[in-house]
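Architecture and fold: a report
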Amino acid sequence: MNTFLLALNDLLLRERQAITHLRMAQLDEIQQEKTRLLKLLNRIKQPVDQESTELIGRIQANNERNRRLLESGLKLVRRLQDNVFRRLALTYAAHGRSLQIGAGPRLLSRSV
């Protein structure tokens, strides 16, 4: 069991490197490998000893850290998309002047 737990922990460390270095293509491969390892661990029917408990604690901490990194990255992407939309959301008034339209629940109209 500890061999699989060590492999899972190492995989989480690789995942962190992929996240922090923006290697998004690797994340899919890592996710598939995590799924495979978790299925193997699920099949093991032996009691969890002290060493395994410590490994599981490290795995939980690394998994939580990676989750926060990914969540932070997604928030950044959303903010960047909002900023781009705000810059591109232009419409023109009846006299040909451009109007900047901010983000939010507004009804866009071509006349002022």
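Structural data are supplied above this passage.
Residues numbered from 1 in each chain as written. Predicted model: local features only at pLDDT ≥ 70, side-chain atom pairs only at ≥ 80, totals over all residues. Heavy atoms only, no water.

**Points about the nonpolar core**
With twelve residues, the main nonpolar core is built from Leu 5, Leu 8, Leu 11, Leu 12, Ala 18, Ile 19, Leu 27, Ile 30, Leu 37, Leu 41, Leu 55 and Ile 59. Taken together, the elements giving at least two residues each to this core come down to helix H1 (2-20), helix H2 (24-43) and helix H3 (50-88). Looking at this core element by element, the count peaks at six residues for H1. The contact partners of Leu 11, leaving out residues within four places of it in the chain, are Ile 30, Glu 33, Lys 34 and Leu 37. (Core = buried A, V, L, I, M, F, W, Y, C linked by side-chain atoms within 4.5 Å. Buried < 20%, exposed > 50% of the residue type's maximum accessible area, 1.4 Å probe, protein only. Helix = DSSP H or I, 4+ residues; strand = E, 2+ residues; numbered from the N terminus. Contact = heavy atoms within 4.5 Å.)

**Some thoughts on the side chain of Asn 62**
With respect to the secondary-structure elements, Asn 62 resides in helix H3. Within the structure, the side chain of Asn 62 is placed 3.0 Å from the side chain of Arg 65, a separation counted as a polar contact. Filtering out sequence-adjacent residues up to four positions away, Asn 62 remains in contact with Asn 9, Leu 12 and Leu 13. (Polar contact = N/O pair within 3.5 Å; in protein donor to acceptor, adjacent residues only side chain to side chain.)

**Overview of the pattern of salt bridges**
Tallying each qualifying case throughout the model produces five salt bridges. A salt bridge links Glu 33 to Arg 36, with the shortest nitrogen-to-oxygen separation between them at 2.6 Å. Placement of both Glu 33 and Arg 36 in helix H2 is noted, with a separation of three residues, approximately one turn of the helix. Taking the relative accessible area as the measure of exposure, Arg 36 reaches 42% and is therefore partly exposed. Three or more residues are tied together by salt bridges with common partners; here these are Glu 64, Arg 67, Arg 68 and Glu 71. (Salt bridge = Lys/Arg side-chain N within 4 Å of Asp/Glu carboxyl O.)

Treat this as a map of the structure, not an account of what it does.
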